[in-house]
Structure formats: C-alpha cells, structure tokens
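So the chains spell out like this:
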Amino acid sequence: MESEQKSEYTESISPKEEAQKVQKPKVEVRVDQPGAITQLPPPEPSTDEPWQEWVQPVVEFVSKLPDYAAVFFEKYQRPLIIIALLLSGVVTVKVTLAILDAINGVPLLAPIFELVGIGYTGWFVWRYLLKVETRQELAVEFEALKKQVVGKESHNS
C-alpha cells in the first residue's frame, strides 16, 4: 500500500518541480581544512523571467563595489586626500565669511568691533613701535614665539 502511495506521489510531481529539485546547488564540505568556508556556486539565472538577465549584472556589480572602491582609494589615495583638504578649506572659508556676515548684520556690533580694533592698534603702536627699545623688545618676543612654533632657530639672523 505504501509503494502505491509513493508511486502516486512521484507521479504527481510536475516536470518543472522535478527540474527545480535537480538544479539545487550542492554544498561542498571540507573536513581537512577546519574553519574554511566554501562558497556556493553563483546561482544560474532562470529563463522564466526576462528581467532577470538584466538584474544579474547589476547584482554582480553591486556585490563587487566595495572591492572596486578599495582598489580605487588605494591607487588614488594622495590626490583624494588633497582634494578633501581643498574642499574642507573652501567650506571653512565659506563658513567663516557667513559668520562674519551674520555679525555685521547685528546692529551696533560691527562698529563696536571696529572701535576695539582701532583701540588695540593704537595701544600696540604706543607700546611697541614708538621707541627703539620697545621695538627691540618686540623683535626678541617675536623670535621667542618663532622658536616655539618652528622649533629651531632661524638662519637669517
């Protein structure tokens, strides 16, 4: 009775379902290499739907996109860094100009800053530029600052 049911069951499977069972990918198990992961073979595109032949190259390209990006960055690393620095410099200048424009838009703030600048310039001239001794003091302070920033003495003096 069971053999009759089995034969009825096998006869009820359509040829299309039979073909799908046969097309299943086989997984290879490697016992000699522990931890090795085997890759499945790429799925074969079915001819049931015509759009799949268009989708398959796109899927393959997107799956390889990180590799393409890594190779591109490795090959053009220095120019990409230079371009990024230039763009960040442009953005910094634009943001600075926007902030200054916003400050100038506030009433009485721009004239106050101008008065502070004029006052500091007057004080600097009075303190450092009018007498010879104070000009020499300014030169010494400037050389000390230059040593701090550059880290070595200048060869010009």
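Before going into details, it helps to say that this report is about the structure given with it. As the structure is a computational prediction, the values presented were derived from the model and not from experiment.

Quick look at the overall build of the protein
In step 1: In terms of helices and strands, the protein carries six helices and zero strands.
In step 2: Listed N to C, the secondary structure of the protein is α-α-α-α-α-α in terms of helices and strands.
In step 3: Counting over 157 residues, the protein shows a buried share of 3%.
In step 4: Of the contacts formed within the protein by residues at least 6 apart in sequence, a portion of 3% connects residues at least 24 apart.
In step 5: Entry remark: accessible area of the protein is about 15000 Å², with carbon and sulfur atoms responsible for 65%.

Concerning the pattern of salt bridges
In step 1: Going through the model one piece at a time under the given rule, you end up with two salt bridges.
In step 2: Note that Glu137 is salt-bridged to Arg127, the shortest N-O span being 2.8 Å. Of this pair, Glu137 sits in helix α6 (residues 132-150) while Arg127 sits in helix α5 (residues 109-129), placing them 10 residues apart in sequence.
In step 3: A salt bridge links Lys146 to Glu143; its shortest N-O distance comes to 3.5 Å. Pair noted here: Lys146 and Glu143 are both in helix α6, with a separation of three residues, about one helical turn.
In step 4: On the accessibility criterion, Glu143 (29% relative accessible area) is partly exposed.

Comments concerning the environment of Glu60
In step 1: When you line up the elements, Glu60 lands in helix α3 (residues 52-75).
In step 2: Measuring from C-alpha to C-alpha, the distance between Glu60 and Pro42 comes to 9.8 Å, with 18 residues separating the pair along the chain.

Here's the deal with α6
In step 1: Here α6 contains 19 residues, and its C-alpha end-to-end distance of 27 Å stays within 8% of the 27 Å for a straight helix at 1.5 Å per residue.
In step 2: Two residues or fewer past α6, Gly151 is found with a positive phi of approximately 95°.

A few points about the packing of α5 against α6
In step 1: Interhelical geometry of α5 versus α6 gives an angle of 100° and a closest axis separation of 7 Å. Classified by the interaxial angle, the pair formed by α5 and α6 is roughly perpendicular. Across from Phe124, Arg127, Tyr128 and Leu129 in α5, the residues of α6 making contact are Thr134, Arg135, Glu137, Leu138 and Glu141.
In step 2: Among the residues forming the contact of α5 with α6, the class breakdown is four nonpolar, one polar and four charged.

Some details on unusual backbone geometry
In step 1: Unlike most non-glycine residues, Leu108 shows phi in positive territory, near 70°.
In step 2: Inspection of the secondary structure assignment puts Leu108 in the loop between α4 (77-105) and α5.

What counts, and at which threshold
- Residues numbered from 1 in each chain as written.
- Predicted model: local features only at pLDDT ≥ 70, side-chain atom pairs only at ≥ 80, totals over all residues.
- Heavy atoms only, no water.
- Helix = DSSP H or I, 4+ residues; strand = E, 2+ residues; numbered from the N terminus.
- Buried < 20%, exposed > 50% of the residue type's maximum accessible area, 1.4 Å probe, protein only.
- Contact = heavy atoms within 4.5 Å.
- Areas by Shrake-Rupley, 256 points an atom, 1.4 Å probe, with all protein chains shown as cover.
- Salt bridge = Lys/Arg side-chain N within 4 Å of Asp/Glu carboxyl O.
- Expected span 1.5 Å × (residues − 1).
- Axes fitted to C-alpha atoms, helices over the stretch in contact; angles between N-to-C directions.
- Parallel < 35°, antiparallel > 145°, perpendicular 65-115°, else oblique.
- Nonpolar A, V, L, I, M, F, W, Y, C, P; charged D, E, K, R; others polar.

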